[in-house]
Amino acid sequence: MWRAVLILLAVPAAAQEAVKILESRCAGCHNAKTKQGGLDLSSREGLLRGGGRGVAVVPGEPDASLLYQFAAHRKEPGMPLGGAKLSEAELTALAGWIRAGARFTGQIEAKPHWAFASVRRPAVPAGAANPIDAFLGAPAEPANRYTLLRRVSLDLTGLPPTREEIDAFLADSSPTAWETVVDRLLASPRYGERWGRHWMDIWRYSDWYGSGKEVRNSQPHVWRWRDWIIESLNANKSYDRMVREMLAADELSPGDRDALRATGFLVRNWFLFNRNSWLQETIEGTTAGFLGLTLKCARCHDHKYDPLSQEDYYRFRAFFEPHDVRLDRVAGEADLGKDGLARVYDAAPRPDLANAAGTFLQPAIYADTFLFVKGDEKSPDKARPLTPATPPALGPGIGAIRPVALPLTDYYPDLRPEVRTALIAAAKARVAELERDLAKTRARREAARNAQRWVRPAGSAVDFERQVKPLLEARCSSCHQARNLKSGFNVASAKSVMAGGKRFGAAVEVGRSGESPLVKIVRGELQPRMPLNGPPLAAGEIELLAAWIDGM
């Protein structure tokens, strides 16, 4: 426990009463550590110097002393803040001590806060068979066997006993009948489900939520933390081990995928748009869920009632400053959309991340922890980075903080053999799927070509004006016509087509379509393929040109 030590100069009898008043009513908030209101009563110099409101004590003049004015509620807020006003006898003693010069010697300790005193098991009063009845002082009549069975069934599993269970218990006259029922209920999977709901309420379990498919709070597959809670209770895992795993399984058991589920407790606080909001939720959930403590008030100022300073809040936050959230693949499933393990890990510092379109992707990870002046995240006190520490009011600190060596598979979880196997299987399945799609595409393309294939009726010739010229005008005339004769080639008439252009000379070899430059260039046998920068001629269109040439 922290101490507030007042060093004073004389030992008049009246000073002893003043010491008791300062010890019990003032030193808890106004000591060398917390200095609430800037007032430090750890030395006589500090007492006389006062705090942010001015001189605290003017020796010989209680009415001019702020310490007395606030204690007497002549100034607001009356002191002790949030506590009962000093009695008239206490005020008289305080005024007399100030009038006598406000001098005394020795040390006074701030009394430990009652909320942080160690729990002690009291002796059980005599006179009752049941310890609860002994403390209540009013022994109750024993319940009948059916009522006992119903109570214990509802308490341990949340379900009433079945008719068969009732009949079996009522018929069991053995001295261990009750113990047998309790053991059976504790061994039931329903026990973890019943009590897991209670603890999930305290630890604020929830699935992820967001907008559409965008995850804004928590993470997908955080239900694995829910299952861990239930399984831990059914396995009779100790409470302290459960707390440790929820806060630090990534360091306590880095290779244990079952234990890593526990860090869903921290995953649940994740928030896409603001790292500070995320850490506020983390601190509130941790202190309220494990300590029964509302540390969140100290985010903006020293706590008004509990011995918790604003610096205590941010030093506590420093424990969580580096942690981040991710999804790891699980054995047998490569698709994180279908399954995965939501867990925490310590990440390297980074700024807020967004894509080129400005869509928010990841909140920042800060390198240091700073106290926010008045709780405003836009006003960090960067002159004083804070290191991790537990609030002194909770007892001795945690000692030196040392790094933990982690296996390579914790840095790169996809290196785990079972995950590699799943990824390779998924890749092979994807390749096979694409090959099937490619085969289908090729078959459709061939079918389309066959459907477009032109077949000349037996004994008929291809007419240039009616059949070929419309094709050439549609596909070639933008470049090869009288006003735009690229390469000197003109498709306006059969004669001009046959004459060809500057590049290949005659475009048509009469009766030999396979040797005709016109056919070769639309097939791509001569480069560049024509029409240039346009879709190729269909197979049926090319065959129409070939039939016209071969039929000459």
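Report on the accompanying structure. Just so we're clear, the structure is a prediction, and the values are computed from it rather than from any experiment.

Definitions and limits used
Residues numbered from 1 in each chain as written. Predicted model: local features only at pLDDT ≥ 70, side-chain atom pairs only at ≥ 80, totals over all residues. Heavy atoms only, no water. Buried < 20%, exposed > 50% of the residue type's maximum accessible area, 1.4 Å probe, protein only. Helix = DSSP H or I, 4+ residues; strand = E, 2+ residues; numbered from the N terminus. Arc of directions from axis to C-beta. Contact = heavy atoms within 4.5 Å. Polar contact = N/O pair within 3.5 Å; in protein donor to acceptor, adjacent residues only side chain to side chain. Pairing = 2+ DSSP bridges. Disulfide = S-S within 2.5 Å. Salt bridge = Lys/Arg side-chain N within 4 Å of Asp/Glu carboxyl O. Core = buried A, V, L, I, M, F, W, Y, C linked by side-chain atoms within 4.5 Å. Phe/Tyr/Trp six-rings, centres within 6.5 Å; stacked < 30°, edge-to-face > 60°.

**Overview of helix α18 (residues 464-475)**
- Turning to α18, its buried residues are Phe464, Val468, Lys469, Leu471 and Leu472. Considered in projection along α18, the buried side chains sweep an arc of 155 degrees and stay on one side of the axis. Facing away from the buried side of α18 by more than 90 degrees, the exposed set consists of Arg466 and Ala474.
- The secondary structure elements touched by the buried residues of α18 are α19 (494-499) and α21 (539-550).
- The N-terminus of α18 is capped by aspartate 463, whose side-chain oxygen sits 3.4 Å from the backbone nitrogen of glutamate 465.

**Points about the pairing of strand β2 (residues 214-217)**
- Here 3 bridges tie strand β1 (residues 209-211) to β2, and the two strands are oriented antiparallel to one another. The residue of β2 that forms the bridge with tyrosine 209 is asparagine 217.
- Where β1 folds back onto β2 in an antiparallel hairpin, the turn is made up of 2 residues, including glycine 212, whose phi is positive at roughly 65 degrees.

**So, unusual backbone geometry**
- The peptide bond linking methionine 79 to proline 80 adopts the cis configuration, its omega dihedral lying at 0 degrees.
- With respect to the helices, strands and loops of the structure, proline 80 is situated in the loop between α3 (66-71) and α4 (88-99).
- Omega for the peptide link from methionine 530 to proline 531 comes to 0 degrees, which places this bond in the cis form.
- In this fold, proline 531 is placed in the loop between α20 (517-523) and α21.
- A positive phi angle, near 65 degrees, is found at serine 218, a position not held by glycine.
- Structurally, serine 218 is set in the loop between β2 and α10 (223-234).
- On the accessibility criterion, serine 218 (0% relative accessible area) is buried.

**Comments concerning the state of the cysteines**
- The full count for this structure, using the stated rule, is 0 disulfides.
- No disulfide involves cysteine 479; its nearest neighbouring cysteine sulfur is the one of cysteine 476, lying 8.6 Å away.
- A residue is classified by how much of its surface remains accessible, and cysteine 479, at 26% relative accessible area, is partly exposed.

**Description of the pattern of salt bridges**
- Evaluated as defined, the whole model comprises 29 salt bridges.
- Note that arginine 512 and glutamate 509 form a salt bridge whose closest N and O atoms lie 2.9 Å from each other.
- For arginine 512, a relative accessible area of 42% translates into the label partly exposed.
- By sharing partners, the salt bridges in this structure join Arg257, Arg326, Asp328, Arg343 and Asp410 into a single network.

**Quick notes on the environment of leucine 291**
- Inspection of the secondary structure assignment puts leucine 291 in helix α14 (residues 275-291).
- Sequence separation between leucine 291 and aspartate 63 is 228 residues, and the spatial gap between their C-alpha atoms is 42 Å.
- Beyond its immediate stretch of four places on either side in the chain, leucine 291 contacts Thr286 and Leu394.

**Focus: the nonpolar core**
- Among the nonpolar cores identified, the biggest contains 47 residues, and Trp203, Trp225 and Met246 are the most heavily contacted of them.
- Apart from the residues within four sequence positions on either side, methionine 246 is in contact with Trp203, Trp225, Trp228, Ala262, Thr263, Phe265, Leu266 and Phe290.
- Core analysis: the next-biggest nonpolar cluster, separate from the first, contains 22 residues, Val462, Leu518, Val519 and Ile542 among them.

**A word on the packing of aromatic side chains**
- For the structure shown, the criterion picks out 14 aromatic pairs.
- Arranged with centres 5.1 Å apart and planes meeting at 25 degrees, the rings of tryptophan 199 and tryptophan 203 form a pair that is stacked.
- Ring geometry for tryptophan 203 and phenylalanine 290: centres 6.1 Å apart, planes at 65 degrees, overall edge-to-face. Placement of the pair is tryptophan 203 in the loop between α9 (189-202) and β1 and phenylalanine 290 in helix α14, with a sequence separation of 87 residues.
- Take phenylalanine 290: its relative accessible area is 17%, and that puts it in the buried class.
- A connected cluster of aromatic rings, assembled from ring pairs, spans Trp199, Trp203, Tyr205, Trp225, Tyr239, Phe265 and Phe290.

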